[in-house]
Amino acid sequence: AQSVTQLDSHVSVSEGTPVLLRCNYSSSYSPSLFWYVQHPNKGLQLLLKYTSAATLVKGINGFEAEFKKSETSFHLTKPSAHMSDAAEYFCVVSDQAEGYNQGGKLIFGQGTELSVKP
Amino acid sequence: DTGVSQDPRHKITKRGQNVTFRCDPISEHNRLYWYRQTLGQGPEFLTYFQNEAQLEKSRLLSDRFSAERPKGSFSTLEIQRTEQGDSAMYLCASSLETSGEQFFGPGTRLTVL
């Protein structure tokens, strides 16, 4: 069964400093992994996705994530935080993988709340 | 592309009442998913449709919950005899069968008094 664990429930950074949000996954096959962001009172927005192509995935708003199979990790990073990055971030694994005709439901982590101080 | 829409955005009801939510997916998407999100948690899968067929239901979906997608377009989620534990944000998402990327609607926040 697929699962994700977000290692920090809350991360606080200063504006202009790097962001690191940590995620470990468990999957019985090569996973499809995502990061979603949820701003207060707004819908979930896809930041980036990994689907067995390049291990370094670039997303929107300067975010990127690196898939490390040996560490079963998919950490999200950004070189310089902006105030507008303050939100809840979810690491997500799909039960759909290449070659597997499954439903594709998403399994979410518990979320990491990112605070950005001025 | 107008995105995924959900109606209503907020619903307050009394315990024991029935409620129904609607989701309109992105028009060319043949898959539609329902999730539930409680405060401080990540969304949890409830059920999904491929076209009009309901192909999977979570154990979270008790007998009081029913979902339909009669024409393979919009979907409804009904909760009968609501309980306070049903209070949550109900999220709808849609995708193409060939893509793992799901697009989410704004959600319906249900409060059961």
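Residues numbered from 1 in each chain as written. Chains lettered and ligands numbered in written order. Predicted model: local features only at pLDDT ≥ 70, side-chain atom pairs only at ≥ 80, totals over all residues. Heavy atoms only, no water.

> I'd like to hear about the packing of aromatic side chains, residue by residue, with values.
How two aromatic rings sit relative to each other is given by the distance of their centres and the angle of their planes. Going through the model one piece at a time under the given rule, you end up with 15 aromatic pairs over all chains. Here Tyr25 of chain A and Phe67 of chain A contribute two aromatic rings whose centre-to-centre distance is 5.5 Å and whose plane-to-plane angle is 25°, an arrangement assigned as stacked. Of this pair, Tyr25 of chain A sits in strand 4 (residues 23-26) while Phe67 of chain A sits in strand 8 (residues 64-68), and the two are 42 residues apart along the sequence. Take Tyr25 of chain A: its relative accessible area is 8%, and that puts it in the buried class. We classify Phe67 of chain A as buried; its relative accessible area is 8%. Both rings, one in Phe108 of chain A and one in Tyr35 of chain B, keep their centres 5.9 Å apart while their planes meet at 80°; by these two values the pair is edge-to-face. Residue Phe108 of chain A is located in strand 11 (residues 106-108), and its partner Tyr35 of chain B is located in strand 4 (residues 31-37); the two belong to separate chains. (Phe/Tyr/Trp six-rings, centres within 6.5 Å; stacked < 30°, edge-to-face > 60°. Helix = DSSP H or I, 4+ residues; strand = E, 2+ residues; numbered from the N terminus. Buried < 20%, exposed > 50% of the residue type's maximum accessible area, 1.4 Å probe, protein only.)

> Residue-level account of the state of the cysteines, with values.
Counted by the stated rule, this structure contains two disulfides over all chains. For Cys23 of chain A, the disulfide goes to Cys91 of chain A, at an S-S distance of 2.0 Å. Around the S-S axis, the bridge from Cys23 of chain A to Cys91 of chain A shows a dihedral of about -65° and counts as left-handed. One end of the pair, Cys23 of chain A, is in strand 4; the other, Cys91 of chain A, is in strand 10 (residues 87-94), and 68 residues separate them in sequence. Taken as a pair, Cys23 of chain A and Cys91 of chain A share a single burial class, namely buried. Sulfur-sulfur distance for the disulfide between Cys23 of chain B and Cys92 of chain B comes to 1.8 Å. Because the torsion about its S-S bond is -65°, the bridge between Cys23 of chain B and Cys92 of chain B counts as left-handed. Within this pair, whereas Cys23 of chain B is found in strand 3 (residues 19-24), its partner Cys92 of chain B is found in strand 9 (residues 88-95), the two being separated by 69 residues in sequence. The same class applies to Cys23 of chain B as to Cys92 of chain B, namely buried. (Disulfide = S-S within 2.5 Å.)

> Outline the pairing of strand 6 (residues 44-50) of chain A, listing residues and values.
Residues and elements named next belong to chain A. Across the seven residues of strand 6, five count as buried, placing the element largely inside the fold. When strand 5 (residues 32-38) meets strand 6, the two strands line up antiparallel, connected through six bridges. Along strand 6, the bridge assignment pairs Trp35 with Leu48. Taken together, strand 5 and the strand that follows it, strand 6, pair antiparallel across an intervening segment of five residues, in which Asn41 is found at a positive phi of about 60°. (Pairing = 2+ DSSP bridges.)

> So, the interface of chain A and chain B: which residues are in play, and what are the values?
When the parts of a complex come together, some accessible area is lost, and that lost area is often taken as the interface size. Across the boundary between the two partners, chain A contributes 20 residues, which contact 22 residues of chain B. The residue Lys105 of chain A makes a salt bridge to Glu56 of chain B at a minimum N-O spacing of 2.7 Å. For the interface between chain A and chain B, the tally reads six residue pairs in polar contact (both at pLDDT 80 or more). Those elements that provide at least two residues to the side of chain A that touches chain B are strand 5, strand 6 and strand 11 of chain A. Residue composition of the side of chain A that touches chain B, by class: seven nonpolar, 10 polar and three charged. (Contact = heavy atoms within 4.5 Å. Salt bridge = Lys/Arg side-chain N within 4 Å of Asp/Glu carboxyl O. Polar contact = N/O pair within 3.5 Å; in protein donor to acceptor, adjacent residues only side chain to side chain. Nonpolar A, V, L, I, M, F, W, Y, C, P; charged D, E, K, R; others polar.)

> Please give an account of the layout of surface pockets that cites residues and values.
The space that makes up the largest pocket amounts to roughly 570 Å³. The wall of the largest pocket is formed by 24 residues, among which Gln38 and Asn41 of chain A together with Gln37, Leu39 and Arg109 of chain B lie closest to the centre. Of all the secondary-structure elements, those providing two or more residues to the lining of the largest pocket are strand 10 and strand 12 (112-117) of chain A together with strand 9 of chain B. In terms of residue count, the dominant contributor to the lining of the largest pocket is strand 10 of chain A (three residues). Residue classes in the lining of the largest pocket are distributed as eight nonpolar, 11 polar and five charged. (1 Å grid on protein atoms, 1.4 Å probe; cavity = no way out; pocket = protein on both sides within 12 Å on 5 of 7 lines; lining within 4 Å. Points joined across faces, edges and corners; volume = space filled by probe spheres on them.)

> Describe the pattern of salt bridges, and please don't skip the residues or the numbers.
The full count for this structure, using the stated rule, is eight salt bridges over all chains. With a closest N to O distance of 2.8 Å, Lys78 of chain A and Asp85 of chain A form a salt bridge. Here Lys78 of chain A and Asp85 of chain A have matching classes, each one buried. Here the salt bridges share partners, and the residues they tie into one network are Arg64, Glu83 and Asp86 of chain B.

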